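Read off the chains here:
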Amino acid sequence: MLGREYKSCRWRHHLHSGASALKKNKRVSFFQSFNMAAARRLKRVAASQPGFLHLKSTSDSIDSMSSRRKRVNKNKKKNWNKHSDIIDVEEFLEDVRHQERTTGGLLSEKSDDSLFFVDVGQSKKAEQKESIEGKKRKGKTSRPLRIDLILQHDSLVPPPKDVLAYQQPNAKKLRRIAQKAEQLAAKGVVPRRQKQLPNRRPVDRKAKKAVTEANNNPDREYYDIWGQESKDSADPWYLQQTGKKLVTRPEKLNEKPSVLPAVEVIAPGGSYNPDFFSHQALLQEAHDVEVKKQKEEDKIQRQLAINKEDRATEETTLREQVEGLVEEENEEDTAPNEEEGGVAVGAIALAEKKTERQRKRQKADKIKEQQRLSDRRQTEQRQQLFQLRSIKSSIKQQEKKTKDKQKLRKAKQEAQKGQPRRLGRLKFQAQDLEVQLSDELAGSLRQLKPEGSVLKDRFKSLQKRNLIEPRERAKFKRIHKLKYVEKRAFREIT
């Protein structure tokens, strides 16, 4: 209400009048007059509310206020609820709702039998039952708990009917189809579906359904719920057509990429207290690896080395400097000789044209050569009849060679299964052998020094078993150049 007074034009008028009153130094300030007007408005609104108790001291003032009512135009919709007295209507509706909640309907519509009953006392059976229950409960009352009473539904108003639950999709269409079927049946027209019924395959009703096995049957099939394979109870053709059948896993994916074990057992010479001969064998193996590496490095150094004979000398440098001049002098000396011979340099040699006789002779020679080759081929074939034994022996030798090659190829393939394959641009580099020298051996586990790294060993094992490709550590590449700055404090010291 105070906000409305602030927004109204009267508030602006009172504000200006109050300001002028302050200027004229009147006794009553503007704010006091405004508070008094607000208080009178609140009293007037409170007096109009139902159930308001009037005080005797203020009855005369309230009567004087109510006698001067504000004239309101009720033709406008915004004044209907604001200036209309609907208290009696709301009380009547609230009474109706209360009767519906408590009795399930209006009391005026209820019959006398549902509202009243004759109290004839308690039957003997009920008294006996209560005495038995009282003994069982040892004096405890059978009254329900208050929490249960609060949670009970005490309203007798039925829930609203769900219209959507009774709706049927395509009801109008189905009703139209049923009406059309009735019209056709009245005319004697048989639908197509009923015509096809005799052609359908009869269903065997005598076939018994599969009896489910009991859970306590010891002979039933074992089923692992954590297994990856699922039982397909439906028809496989139906699963395939509906797209619900799982794709069969290729057999190649079930094969391991390498036959090597995940954790390889080290040689007996690698123990903390090994045998002398086994330790020497492991040292020899490590020595062979180092020798092989050294040979490869020496080979690279030999290939990159410069031959002493190919080094430049003073004579070779001088020859290179005067090489072009010597060639020009030789060309000048040899040019007149060529002209004296009468042979033009770069002349095109024309082939002489053959005569008809020469062409016929050449053709006859060609036919004779072909005839000679065919005769020779026939004679060789006739001679092969007498060489069947030698041919058979040669074929057997050739088959034996092919079998030996196949065996070698299979053995090579089997050997390659235990070797790492080339999976990337880098080649697999085996890990260095973890060997301790004879003077480094410890007599107990407490004095044993750790060798190598478990993480690096597992990483190399994955590469060796072809699970990941060999890779190298990413090189750090600086984007911006470093800038060296000499600080002022350091400059002062120096």
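Residues numbered from 1 in each chain as written. Predicted model: local features only at pLDDT ≥ 70, side-chain atom pairs only at ≥ 80, totals over all residues. Heavy atoms only, no water.

> What is the right way to look at the confidence of the model for the protein in this model?
Should pLDDT be low for a region, the predicted coordinates there are not to be read in detail. Here the protein shows a mean pLDDT of 77. Residues at 70 or above account for 72%. Low pLDDT, under 50, characterises residues 1-34; the predicted model gives this stretch 17 contacts beyond four residues in sequence or across chains. Here residues 51-62 is modelled with pLDDT under 50, and outside its nearest four sequence neighbours on either side it reaches five contacts, counting other chains as well. (pLDDT = per-residue confidence, 0-100. Contact = heavy atoms within 4.5 Å.)

> Would you mind showing me how to read the pattern of salt bridges here?
Where charged atoms from two side chains of opposite charge come close, those side chains can pair. All chains considered together, the criterion is met by twelve salt bridges. A salt bridge links E380 to R376; its shortest N-O distance comes to 3.7 Å. Here E380 pairs with R376, and both are found in helix α16 (residues 356-385), just four residues apart, close to one helical turn. Overall, E380 belongs to the partly exposed group, its relative accessible area being 41%. (Salt bridge = Lys/Arg side-chain N within 4 Å of Asp/Glu carboxyl O. Helix = DSSP H or I, 4+ residues; strand = E, 2+ residues; numbered from the N terminus. Buried < 20%, exposed > 50% of the residue type's maximum accessible area, 1.4 Å probe, protein only.)

> Teacher, can you tell me more about unusual backbone geometry here?
Leaving glycine out, the prevailing phi sign among residues is negative, and the prevailing peptide bond configuration is trans. The phi dihedral of N170 is positive, around 60 degrees, even though this residue is not glycine. Looking at the element boundaries, N170 is found in the loop between α8 (146-151) and α9 (171-187). Residue N466 is not a glycine yet carries a positive backbone phi of 65 degrees. Residue position: N466 is located in the loop between α18 (454-464) and α19 (488-493). Taking the relative accessible area as the measure of exposure, N466 reaches 8% and is therefore buried.

> I'm lost on a nonpolar patch on the surface in this one. Help?
Where nonpolar side chains cluster on the molecular surface, the patch consists of I86, V89, F92 and L93 and spans about 360 Å² of accessible area. Mapped onto the fold, I86 is located in the loop between α4 (59-67) and α5 (87-103). Under the relative-accessibility criterion, I86 is labelled partly exposed at 38%. (Patch = residues over 30% accessible without salt bridge, like charges linked within 9 Å, V, L, I, M, F, W, Y side chains within 5 Å. Areas by Shrake-Rupley, 256 points an atom, 1.4 Å probe, with all protein chains shown as cover.)

> Is there a simple way to explain α18 in this structure?
Residues separated by three or four positions in an α-helix point in the same direction, a consequence of the helix having 3.6 residues per turn. For α18, every residue scored as buried is listed here: K460, S461 and Q463. Each buried residue of α18 lies within a common arc of 160 degrees when the element is viewed along its axis, so the set occupies one face. The exposed residues of α18 that point more than 90 degrees off its buried face are V454 and L455. Looking at where α18 begins, the residue whose side-chain oxygen comes 3.5 Å from the main-chain nitrogen of L455 is S453. Backbone geometry just after α18 places N466 at a positive phi near 65 degrees. (Arc of directions from axis to C-beta. Polar contact = N/O pair within 3.5 Å; in protein donor to acceptor, adjacent residues only side chain to side chain.)

> How should a negative patch on the surface be read in this particular structure?
Among the surface-exposed residues, D85, D88, E90 and E91 lie close enough to one another that they form a single negatively charged patch. Looking at where D88 falls in the secondary structure, it is placed in helix α5. By relative accessible area, which is 53% here, D88 ends up exposed. (Lys, Arg positive; Asp, Glu negative; His and termini not counted. Charge placed at Lys NZ, Arg CZ, Asp CG, Glu CD.)

> Please clarify how the packing of aromatic side chains should be interpreted in this entry.
To describe a pair of aromatic rings, you give the distance between the ring centres and the angle between the ring planes. Applying the stated rule across the entire model yields one aromatic pair. Centroid distance F276 to F277: 5.5 Å. Interplanar angle 75 degrees. Geometry classified as edge-to-face. Owing to a relative accessible area of 65%, F277 belongs among the exposed residues under this scheme. (Phe/Tyr/Trp six-rings, centres within 6.5 Å; stacked < 30°, edge-to-face > 60°.)

> How should the side chain of K460 be read in this particular structure?
For K460, the location among the structural elements is in helix α18. Buried K460, no salt bridge; nearest opposite-charge side chain is D432, N-O distance 8.3 Å. A distance of 2.9 Å separates a polar side-chain atom of K460 from the backbone oxygen of Q429. Residues contacting K460, with those up to four places away along its chain left out, are F428, Q429 and Q431.

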